[in-house]
Each structure stands twice: as structure tokens, then as C-alpha cells.
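# Structural characterization, general
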Amino acid sequence: LPLVIRTLDLGGDKKPAFLVEAFENNPSMGCRGLRFSLEQRPLFITQLRAILRTTLEGNIKILFPMVLGIFDLKAALESLQQAAEKEGIKKLPPVGAMIETPAAVFEIEGILKLVDFVSVGTNDLTQFMLAADRNTVGMLDYFSVLHPGVIKALDHIVSASKKAGKELSVCGEAAGNPVITGLLVGLGVRTLSVSPLLAARLRGFIRAISLGELRSAAQRIRECDNEKDIQDVLSKLQSVIETKN
């Protein structure tokens, strides 16, 4: 099976103890993800060289986190090429980009031309779409992947990936919720990254309902203009599952 290795996804709530920490008023909006790696280029190149060595032993894919668009993605790909030259590796492994910001959503078509696959990080995408810090208790009521704007963003990413013929996966807390998983499948998602502890429950949910029913629910949700209506559709979906079980 393939092993996807994400490059350093530091910053935000993941602060490295081995680097001098710069003061940031809002670390979620600070030097993190791919931005961090491009700022710490020697460290980035070192990790890329280590990953490239593992490609000689197995089926490895590389995933860049928090891609903002074409510019930083090209810079990361240039660093990967430099690392490959230093290791004497001519054939690069498949490379992917994490879509976690509104900027990446708007640039998704250009990003898809440069990578082999994309992965949607629902936690950060929701946070930045709704301007609600997911680590702030007072913002929890505003942090929801079921906001119509977030659903439209996910739908756009899925549609663009399908059109480009590129693999798409979804990770984050949303992928671990059975009814939201049903929505994602209905929208067209076919690969989900979740905790192994949740896998059996999600499989059971998906097997208990037809793809046609999930697509129908997703289409009704596309037409909703508020979160309550979206939750009502998903509640009915949950009821269908419970009836069948």
C-alpha cells in the first residue's frame, strides 16, 4: 500500500521545540505549513532528501501542507527537484497538495495541473473559510463544516479534481463523522483519511445506504442556504440508516 508522507506541518498549534519561537499574535495565521518550510529551506531540503531515500524501498507519496496557490507550490517543487539532484534520484514520487485555505480553493485548477493528487484538510479549511479559530472555545458555535460556504468550497474542489482526473482525499474531523462522510461520498469523494478506530463504523454506515441516496442527499444540500436545513437533510439520512439497521 502507498505511504503518504506529509512535509513539516509546523506552526499554528504545532510549535517545534528545536527552533527559536518567534512571537506571533495569531499563530494560526503565522509562519506555518508550507510557508514555514519555505522559510526554513535547509531543513525542508533535508526532510525531502530523507523522504526521497525511502522511495527506493517502497511506494511513497509526498504531500505538501497548507498550499496557498501556484507560487508557493512551484517553490516547493523546485526544492524537491534540488533534493532529488543531491540524492541522484531522477524519477520523482507522486506529489500532492493539501487544500486548506480559501486561496487554494480559488487556485485549485492551477494547483491540480502541478500535482498528482490533492487532500482536503477540513479542519483548517473550515477555520479559514469562517474566520473562526477552531482552538478558541468562544468560536466553537461558528466552526462548522456544514456551513453552506464550506460545502460549496468542498463541492468545487471535488468537481475540479474529477475534471482534472486527479485523485482526491479528505482528512480532518469531518471525515470521521458518519453522516458527514455520507455527504462527502454523495459529493463525489472516494478516499477518506480517518483514525483506524473510526473505520469500521464508517464502513458500516456507507454499506447500509445506496450511492444514489447519498447523491440525492448531497444535491438537496447543494440547494440549502443555511446550516439548519443542511442538518435536517443529514438527520433524515441518519434516520434512513437506523431504519435499515
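Calculation rules
- Residues numbered from 1 in each chain as written.
- Predicted model: local features only at pLDDT ≥ 70, side-chain atom pairs only at ≥ 80, totals over all residues.
- Heavy atoms only, no water.
- Buried < 20%, exposed > 50% of the residue type's maximum accessible area, 1.4 Å probe, protein only.
- Helix = DSSP H or I, 4+ residues; strand = E, 2+ residues; numbered from the N terminus.
- Polar contact = N/O pair within 3.5 Å; in protein donor to acceptor, adjacent residues only side chain to side chain.
- Expected span 1.5 Å × (residues − 1).
- Core = buried A, V, L, I, M, F, W, Y, C linked by side-chain atoms within 4.5 Å.
- Contact = heavy atoms within 4.5 Å.
- pLDDT = per-residue confidence, 0-100.
- 1 Å grid on protein atoms, 1.4 Å probe; cavity = no way out; pocket = protein on both sides within 12 Å on 5 of 7 lines; lining within 4 Å.
- Points joined across faces, edges and corners; volume = space filled by probe spheres on them.
- Nonpolar A, V, L, I, M, F, W, Y, C, P; charged D, E, K, R; others polar.
- Axes fitted to C-alpha atoms, helices over the stretch in contact; angles between N-to-C directions.
- Parallel < 35°, antiparallel > 145°, perpendicular 65-115°, else oblique.
- Left-handed = near helix turned anticlockwise from the far one by under 90°.
- Pairing = 2+ DSSP bridges.

## Topic: helix α8 (residues 178–187)
For α8, a buried count of 10 out of 10 residues is recorded, marking the element as mostly surrounded by other parts of the structure. Within α8, the full set of buried residues consists of Pro 178, Val 179, Ile 180, Thr 181, Gly 182, Leu 183, Leu 184, Val 185, Gly 186 and Leu 187. A distance of 3.2 Å separates the backbone nitrogen of Val 179 from a side-chain oxygen at the start of α8, and that oxygen is part of Asn 177. Phi turns positive, to about 125°, at Gly 188, one or two residues after α8.

## Description of helix α7 (residues 148–164)
For α7, which comprises 17 residues, the first-to-last C-alpha distance of 24 Å matches the rise-based estimate of 24 Å (1.5 Å per residue) to within 8%. Note on α7: the residue one or two positions beyond its end, Gly 165, has a positive phi of about 70°.

## Regarding the nonpolar core
Within the largest apolar cluster, 65 residues are counted, with the highest numbers of intra-cluster contacts made by Phe 64 and Ile 111. Of the residues forming this core, the biggest block, seven residues, is contributed by α7. The contacts of Ile 111, once residues within four sequence positions are left out, are Val 67, Gly 69, Ile 70, Leu 73, Ala 97, Ile 99, Ala 104 and Val 118.

## Notes on the confidence of the model for the chain
Averaged over the chain, the pLDDT score is 88; the fraction of residues at 70 or greater is 87%. Here residues 137–142 is modelled with pLDDT under 50, and outside its nearest four sequence neighbours on either side it reaches five contacts, counting other chains as well.

## Looking at the layout of surface pockets
Of the voids in this model, the largest pocket is the one considered here, and its volume is about 610 Å³. Every residue lining the largest pocket is counted, 23 residues in all, and those nearest its centre are Leu 63, Ser 119, Ser 169, Cys 171 and Ser 193. Elements supplying a minimum of two residues to the lining of the largest pocket: β1 (3–6), β2 (60–67), β4 (117–121), α6 (122–130), β5 (167–171) and β6 (192–193). Of the residues in the lining of the largest pocket, the class split is eight nonpolar, seven polar and eight charged.

## Digging into the environment of Arg 32
Within the element layout of this structure, Arg 32 appears in the loop between β1 and α1 (33–39). With relative accessibility at 5%, the residue Arg 32 sits in the buried group. C-alpha separation for the pair Arg 32 and Leu 10, spaced 22 residues apart in sequence, amounts to 5.4 Å.

## Thoughts on the pairing of β4
Where burial is concerned, most of β4 is hidden: five out of the five residues are buried. Alternating residues of β4 divide into Phe 117, Ser 119 and Gly 121 and Val 118 and Val 120, and every residue in both groups is buried.

## Here's the deal with the packing of α8 against helix α9 (residues 196–207)
For the pair α8 and α9, the least separation of the axes is 9 Å and the interaxial angle reads 55°. As summarised for this structure, α8 and α9 are arranged oblique, according to the angle between their axes. α9 is crossed by α8, and the crossing has right-handed handedness. Every residue of α9 that contacts α8 at Pro 178, Val 179, Thr 181, Gly 182 and Val 185 is listed here: Arg 201, Leu 202, Phe 205 and Ile 206. For the contact of α8 with α9, the residue count by class is six nonpolar, two polar and one charged.

## Things to note about the side chain of Gln 47
Looking at the secondary structure, you find Gln 47 in helix α2 (residues 41–54). For Gln 47, a relative accessible area of 19% gives the class buried. In contact with Gln 47, not counting residues within four places along its chain, are Arg 6, Thr 7 and Leu 8.

## Let's talk about the sheet that holds β1
In any sheet, the strands associate via hydrogen bonds between backbone groups, in a parallel or an antiparallel arrangement. Strand order in this open sheet of six strands is β1-β2-β3-β4-β5-β6, and the pairing throughout is parallel. Across the chains shown, the open sheet's two edge strands, defined by having one partner strand only, are β1 and β6. Where α6 meets the sheet, its contacts fall on β2, β3 (95–99), β4 and β5, and the angle it forms with β4 comes to roughly 65°.

## Considerations on the environment of Phe 106
Checked against the element boundaries, Phe 106 lands in helix α4 (residues 102–106). It is 9.0 Å that separates the C-alpha atoms of Phe 106 and His 156, two residues lying 50 residues apart in sequence.

## Let's talk about the pairing of β3
Buried residues dominate β3, accounting for five of its five residues. Both faces of β3 are covered, namely the face carrying Val 95, Ala 97 and Ile 99 and the face carrying Gly 96 and Met 98. Two strands pair when backbone bridges link them, and β2 and β3 are joined in this way by four bridges, in the parallel orientation. Bridge pairing links Val 67 to Ile 99 in β3.

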